[in-house]
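In case you want the letters, here they are:
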Amino acid sequence: ASYASASQTDVLIIGAGPSGLMTAYWMARCGVRARIIDKKSTKVFTGQADGLRVRTLEIFDSIGFQHRVQHEGHVAVEANFWAPGPDGTLIRQGPFCSSKVNESPFHNMLLSQGRIERFILDSIKQYSNLEVERGVIAESFEYDEIVKDDQNAYPITLKLRTLSEDEVTPSNNSGEGRSHSVPDKLKDSDLHPDDLDDLIQDSKSRQTKTEIVKAKYLIGCDGAHSWTRKQVDIPLEGGVIDIIPITDFPDIRRLGTVTNASGTILVIPRERRLVRLYVPVQVVDVAKNGNARFNRSSITPEMIKERVQAILKPYTFDYKVCEWWTAYQIGQRIAPTFAKDDRIFLAGDAVHTHSPKVGLGMNMSMQDGFNVGWKVALVAAGVASPAILSTYNAERHHLAEMLLDFDRHLSGLFTDNKPSKGIPEGGSDKTENMIKVLETFEDFADGLKAFYGASPLVCKFVNEDKLNPGHHLVPGERFPPVKLRKQADGNTQWTTRIFESDGRFRLVILAGDVRNEMQKHRVDTLSRFLSGQLKEKASPLSRYNAIPGRFKSPIDVVTAHSASWKETEFFDFPEILRDLDATLGWGYDKIWCDDACIWDRDCDGKGYEKWGVDRMRGLMLVVRPDQYIGWVGELEHMDEMTRYLDGALIKVVTEE
Ligand code: FAD
């Protein structure tokens, strides 16, 4: 009540680094009422992260700026490893190249974080007038837990303050201490002209002010020292301990994690009966100004032990031998959870940090933002069920654990100074280990596999016990990209671009060989269902709430058949698949063909093989707005598909 004059927004994002901007993209794209603030006066211009993994590039393609990265960036596919040979002189081993280098349309690239931020900012501008409010800091936080289940309530209250000219700093190290103007070192450098637009801004007219804002959802993307994380009391501190455990926990000699409300511990069985445990321990000094500060020196092995005992309960845990222990200082940290009550979310460095060697910080952060963004946007827009929000933590926490595991393996090799035994025949121990680690984590690091588990957004089985029919179309994994031919004009395009990140789920109909009468009949039956002729009101296309101001249905239908391109016509396909618009005419980009193209070798007509799908029978699937597969079934599994969508989307309220 004391904040009667507070303004309201549906989603407030704190932090405009890679994760915050990616989250904001979805708000812009789905037309959600949102704000994004950052305490710095500018975006990053030079330095910080630069490595881009293929999955990140696929995401960029689905947004529409992949070509800009391609144009400016540097491809990094092959690597050489130099190590001393038998006579001590350095010998090159390599070039080594990933065996999976062609599993994506794109290759790993290098381009500065500042350019990536520019491209996302431009995409946001393309779809909305959402702008980063720079030089604005969040200073106080209140959360009204009582109304957390009321979707119309604004349970989060924040005080935002516009920083004064003296307080605000730009993002660049080279501009340290300067305010809005162009940092000197950048003036004559090869800064891109479009970055200058962002640099010179309203410094003169800046006025300090304080504002109270109420929000339905808060997304903290505020980096490694996250203020938001501290407000919701989620620790990022931890201890690591090597002990010989005395316990009745059955899996103490197996690699894995144990999670309960007190946090997550990582169990790593080691040599000589030792076990290493990574343990979340929070020691906070609540200073007079209310800031929680991590105090490493006050962590003791006893505290770590007590935390392990709490997490392992009801199993017992103790030890007599402790070989080594430490409190985390920098580097490897992970928050036990990335969300509170599905109202407040944390993404990016705010919840996981690691050494920069694996080159994944920016990628993971953007992918976190990409994952949480569409979910919060669709729920805030009244399109998706709030039940989908819990999948953010379930999907991303697990990957952050893998990230830390990868980092541990790789960093260990960088810090291990033991001399190599020489290179008898092609490769030192260290190089071999390095390659082994890189190969083991390749799918994860490049984002080729996501490992998302079953949830309202990932249906692992159709008909309870029947496994999905597409061999390589696995629910919970990304849709394997393929280049297809557009039936209407023969142009080619990767599915990463066809499945545009516009907030819609995609019903992908792999229609098989429609020259065959039986198969054509199956496609016709499905089409009658989609146009509501089989069962009234059952069509998924009219069943769910629209994305207000954007799309009248949150489902887009895309067909890809396997017949010869030349022996098929656009008009061979049922009308509902051709997506007629009263103003724009036929949706010529809705029917695609998996056939080889003489002038584009990437379009080789082997898509169905790559997907493991029968070229005659095809199948259908639902691809989520982030291009991960949600559901797979036969063309007849219309009810099962509807059941999947019912679990994620909100049905239109009808009068009966
Ligand atoms: P950030 O990019 O940290 O963005 C957080 C934003 O939140 C900042 O803009 C900050 O101003 C804002 N903010 C914080 N608190 C508040 C508040 N209370 N109110 C308002 N705004 C707030 N990664 C790699 O992969 N490879 C590298 O080589 C690499 N090198 C790096 C070098 C440096 C010097 C740094 C700092 C980072 C480096 N990283 C590297 C890490 C990479 O930059 C991060 O992983 C990535 O930026 C994380 O994105 P983010 O959006 O989660 O957080």
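Because the structure is a prediction, the values reported are computed rather than measured.

Asks: Break down the site of the ligand for me, citing the residues and quoting the values.
Replies: Of all residues adjacent to the ligand, which total 27 residues, the nearest are S19, D38, K39, Q113 and D349. Side-chain polar atom of D38 to an oxygen atom of the ligand: 2.5 Å apart, as the coordinates give it. For the ligand, an oxygen atom lies 3.1 Å from a polar atom in the backbone of G361. Surface burial for the ligand is 78%, taken as the share of its 990 Å² of free accessible area covered by protein chains.

Asks: Could you give an account of the side chain of Q367, naming the residues involved and the relevant values?
Replies: With respect to the element layout, Q367 can be found in helix 9 (residues 361–380). Relative accessible area serves as the criterion here: at 11%, Q367 is assigned to the buried category. Here T56 takes part through its side chain, which lies 2.9 Å from a polar atom of the side chain of Q367. Each residue touching Q367, except ones within four places of it in the same chain, is listed here: R55, T56, I59 and R396.

Asks: For the sheet that holds strand 7 (residues 109–110), give the residues involved together with the corresponding values.
Replies: If you trace the 3 strands from one edge of the open sheet to the other, you get 3-7-4, paired in antiparallel fashion. The sheet is open, and its two borders are formed by strand 3 (51–52) and strand 4 (74–75), each paired with just one other strand. For strand 3 and strand 7, the ladder comprises 2 bridges, and the chain directions are antiparallel. Directly across from L52, in strand 7, lies its bridge partner M109.

Asks: Run through the packing of helix 1 (residues 18–30) against helix 4 (residues 113–127), naming residues and quoting values.
Replies: It is the contact of helix 1 with helix 4, at a shortest axis distance of 8 Å, that shows an interaxial angle of 15°. Looking at the two axes, helix 1 sits roughly parallel to helix 4. Between helix 1 and helix 4 lies a crossing of left-handed hand. Contact residues: P18, L21, M22, A24, Y25, A28 and R29 in helix 1; Q113, E117, I120, L121, S123, I124 and Y127 in helix 4. Along the lines of polarity and charge, the residues of the contact of helix 1 with helix 4 split into 10 nonpolar, 2 polar and 2 charged.

Asks: I'd love a proper account of the nonpolar core, names of residues and values included.
Replies: In this structure, V11, M27, V69, I116, L158 and F505 are the most contacted members of the largest nonpolar core, which totals 105 residues. It is helix 9 that provides the largest number of residues to this core, a total of 10 residues. Both domains that meet at this core, namely domain 1 (7–71 + 112–230 + 335–385) and domain 3 (461–648), each give it at least three residues. In contact with V11, other than residues within four places in its own chain, are M27, V32, R33, A34, R35, Y217, I219, V376 and A380.

Asks: Which residues make up the environment of P480, and what are the values?
Replies: Within the secondary structure, P480 sits in the loop between strand 24 (466–467) and strand 25 (483–486). A relative accessible area of 11% places P480 in the buried class. For the pair formed by P480 and S104, sequence separation is 376 residues and the distance between their alpha carbons is 7.7 Å. Setting aside its immediate chain neighbours within four residues, P480 contacts H472, L473, T495, K610, W611 and I629.

Asks: Now, about the packing of aromatic side chains: what can you tell me, with residues and values included?
Replies: Tallying each qualifying case throughout the model produces 18 aromatic pairs. Ring geometry for Y608 and W611: centres 5.7 Å apart, planes at 50°, overall tilted. Taken together, the residues Y608 and W611, both in helix 17 (residues 607–611) and 3 residues apart, mark about one turn of the helix. For the pair formed by Y608 and W611, the shared burial category is buried.

Asks: So what about the pairing of strand 14 (residues 263–269)? Which residues, and what values?
Replies: The buried count for strand 14 comes to 6 of 7 residues, which makes it a mostly enclosed element. Pairing of strand 14 with strand 15 (residues 275–280), which is carried by 4 bridges, proceeds in the antiparallel orientation. Bridging from a neighbouring strand, V267 pairs with L277 of strand 15.

Asks: Which residues make up the packing of helix 14 (residues 517–530) against helix 18 (residues 638–648), and what values do they have?
Replies: At a minimum axis distance of 11 Å, the contact between helix 14 and helix 18 shows a crossing angle of 40°. In this view, helix 14 runs oblique relative to helix 18, as classed from their interaxial angle. With respect to the hand of their crossing, helix 14 and helix 18 are arranged in right-handed fashion. Along its contact with helix 14, which presents T525, L526 and F529, the element helix 18 presents M638, M641 and T642. Taken together, the residues that form the contact of helix 14 with helix 18 break down as 4 nonpolar, 2 polar and no charged.

Definitions and cut-offs
Residues numbered from 1 in each chain as written. Predicted model: local features only at pLDDT ≥ 70, side-chain atom pairs only at ≥ 80, totals over all residues. Heavy atoms only, no water. Near = heavy atom within 4 Å. Polar contact = N/O pair within 3.5 Å; in protein donor to acceptor, adjacent residues only side chain to side chain. Areas by Shrake-Rupley, 256 points an atom, 1.4 Å probe, with all protein chains shown as cover. Helix = DSSP H or I, 4+ residues; strand = E, 2+ residues; numbered from the N terminus. Buried < 20%, exposed > 50% of the residue type's maximum accessible area, 1.4 Å probe, protein only. Contact = heavy atoms within 4.5 Å. Pairing = 2+ DSSP bridges. Axes fitted to C-alpha atoms, helices over the stretch in contact; angles between N-to-C directions. Parallel < 35°, antiparallel > 145°, perpendicular 65-115°, else oblique. Left-handed = near helix turned anticlockwise from the far one by under 90°. Nonpolar A, V, L, I, M, F, W, Y, C, P; charged D, E, K, R; others polar. Core = buried A, V, L, I, M, F, W, Y, C linked by side-chain atoms within 4.5 Å. Domains from an automatic or database assignment. Phe/Tyr/Trp six-rings, centres within 6.5 Å; stacked < 30°, edge-to-face > 60°.

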